[in-house]
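Chains, contacts and geometry: an overview
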Amino acid sequence: MLTANNTDRKSWLEIESNSDFPIQNIPFGVFMAHDDHITIGTRLGDWAVDLNVLHQLGYFEGITLPEDVFLQDTLNDFITLGRPICRQVRNRIADIFDAENDQLKNNQEHRNEVLFKVDEIQVLMPVFVQDYTDFYSSREHAENVGTMFRGKENALMPNWLHLPVGYHGRSSSIVVSGENIHRPKGQTMPEGADKPVFGPSKLMDFELEMAFITTDGKHLGESISTDEAEEYIFGMVIFNDWSARDLQKWEYVPLGPFLGKNFGSSISPWVVTLDALEPFRTEAPKQNPEPLPYLKCANNTAYDINLEVYIQPEGGEETRVSESNHKYLYWTMVQQLAHHTVNGCNINAGDMMASGTISGPERENYGSMLELSWRGSNPLKLKDGSERKFLLDGDTVIMRAFGQKDGLRLGFGEVRSKVLPAKD
Ligand code: CA
């Protein structure tokens, strides 16, 4: 029972109506408060809640939880408990902060220990990512990139409509919002040159993606079916998969992305549970040709989550450069996870599976500079009058994501990071 999702519920905490974090959200994250104190927490409006202190004070009584499950610097142990326990915790948090419940509300001493203003805390990486997989599941993105590199006739590779294409990425360089990224250096082959050169990337790009975080899976050798897959997905974050297009273009044949991708990916700090996203389920795109039976799913759903990208030049204001939606993905998360494990590959709590760049049908829905500027041939105009083909040093890229339906709005907050000059 997802009692936390009750849309009639109000909180005794004051939460602005346009906040991404109403009482119906209750995401999970990790933060550092006073005196370098690190805890697992949730967020309500502009408040961060210390779940370890709540646990020590007995507010989770009746739920089977290890004593130190929230006194951790990652969510991995909590996620390992599985979705049914996480669901009970989320429901209980909703009860604790419900306007009808004055247990914590009227206990100022407890409130002082539990509640922090979000501008007084520092968010940290929410999970230890043991493995990171990047899919390539937006048809519009695959067609755009394919058209640029191989022409319209050969835009989609022959396998693309039959399986969710993906590759194993680098998990150690995934960082949380607020950490800035240095422009990478590497080899590139300039147009018309006959030998490569070395230097800072000239074609620095973002990729607008969402990633899902898994629970523990099955043993090596076993598979997770499409019917089971949802129970193995804990929640989601916004995922900016930084890309150096010039490095990528020169290195990617025949084994795929490497240094053009592994120098950094940035995520939003609060993991929104799949449970909280339940109201935003929507029909998944029709698939033609029909996928093989192991990729079919009785209720294959997409999620209607609005996605936005902004660029903010050094000292300037934000310009929105893209508006997309998670529902544009051709292959759903359930299909991605079933495909990932169909050969017996195992998954662990905290694994991160990114969607691939999520582009929509129109230019304003494209999820990368590569597509928005069409390889640099059609620059974007920012509010300050400057133009962008790709990202410049000092540009801050901000991605936001939220669902909005029948008066309910909830979201992910943002992932924000600045492009710093290449290191000497
Ligand atoms: Ca990617």
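Since we're looking at a predicted model, the values are computed, not measured. (Residues numbered from 1 in each chain as written. Predicted model: local features only at pLDDT ≥ 70, side-chain atom pairs only at ≥ 80, totals over all residues. Heavy atoms only, no water.)

Summed over all chains, the structure comprises 27 salt bridges. Ionic pairing is found between Arg245 and Glu207, a salt bridge with its closest N-O pair at 3.0 Å. A residue pair is termed long-range when its members are at least 10 positions apart, and Arg245 in helix 7 (residues 245-251) and Glu207 in the loop between strand 12 (204-205) and strand 13 (208-214) qualify at 38 residues. Per residue, the accessibility class of Arg245 equals that of Glu207, and both read buried. For Glu414, the salt bridge goes to Arg416, with nearest N and O atoms at 2.7 Å. Accessibility expressed as a relative area gives 28% for Arg416, which makes it partly exposed. By sharing partners, the salt bridges in this structure join Arg83, Arg87, Glu231 and Asp275 into a single network. (Salt bridge = Lys/Arg side-chain N within 4 Å of Asp/Glu carboxyl O. Helix = DSSP H or I, 4+ residues; strand = E, 2+ residues; numbered from the N terminus. Buried < 20%, exposed > 50% of the residue type's maximum accessible area, 1.4 Å probe, protein only.)

This part takes up the domain arrangement of the chain. Taken as a whole, the chain is organised into domain 1 (3-124) and domain 2 (132-420). When each unit is reduced to the centre of its C-alpha atoms, the spacing between domain 1 and domain 2 is 29 Å. Summed over both sides, the interface between domain 1 and domain 2 buries roughly 2,300 Å², with carbon and sulfur atoms accounting for 59% of that surface. Seen at the junction of domain 1 and domain 2, the total is 4 salt bridges. A salt bridge links Asp275 to Arg87; the nearest nitrogen and oxygen atoms lie 2.9 Å apart. Linking domain 1 with domain 2 are 14 residue pairs in polar contact (both at pLDDT 80 or more). Going through the elements one at a time, strand 1 (29-33), strand 2 (37-44), helix 2 (76-80), helix 3 (83-96) and strand 5 (122-124) are the ones with two or more residues in the side of domain 1 that touches domain 2. Among the elements that line the side of domain 1 that touches domain 2, the one with the most residues is helix 3, at 5 residues. Split by residue class, the side of domain 1 that touches domain 2 holds 14 nonpolar, 11 polar and 5 charged. (Domains from an automatic or database assignment. Buried area = accessible area lost by both parts, 1.4 Å probe. Polar contact = N/O pair within 3.5 Å; in protein donor to acceptor, adjacent residues only side chain to side chain. Nonpolar A, V, L, I, M, F, W, Y, C, P; charged D, E, K, R; others polar.)

To continue, consider the packing of aromatic side chains. Across all of its chains, the model carries 11 aromatic pairs by this definition. Consider the rings of Phe28 and Phe78, whose centres lie 4.9 Å apart with planes at 55 degrees: the pair is tilted. Placement of the pair is Phe28 in the segment before strand 1 and Phe78 in helix 2, with a sequence separation of 50 residues. A residue is classified by how much of its surface remains accessible, and Phe78, at 0% relative accessible area, is buried. The interplanar angle of 55 degrees and the centroid separation of 5.3 Å between the aromatic rings of Phe70 and Phe78 together place this pair among those described as tilted. Taken individually, Phe70 and Phe78 each receive the classification buried, so the pair is uniform in this respect. (Phe/Tyr/Trp six-rings, centres within 6.5 Å; stacked < 30°, edge-to-face > 60°.)

With that out of the way, let us pick up the coordination of the calcium ion. At this site the calcium ion is bound by Asp134 (OD), Glu207 (OE), Glu209 (OE) and Asp241 (OD), with donor distances of 2.2 to 2.3 Å. Sequence positions of the residues that donate to the calcium ion give the spacing D-x72-E-x1-E-x31-D. Placement of the pair is Asp134 in strand 6 (residues 132-135) and Asp241 in the loop between strand 14 (233-240) and strand 15 (243-244), with a sequence separation of 107 residues. What makes Asp134 buried here is its relative accessible area of 3%. The exposure class assigned to Asp241 is buried, which follows from its relative accessible area of 0%. (Donors = N, O, S within 2.8 Å, 3.2 Å for Na, K, Ca; no water.)

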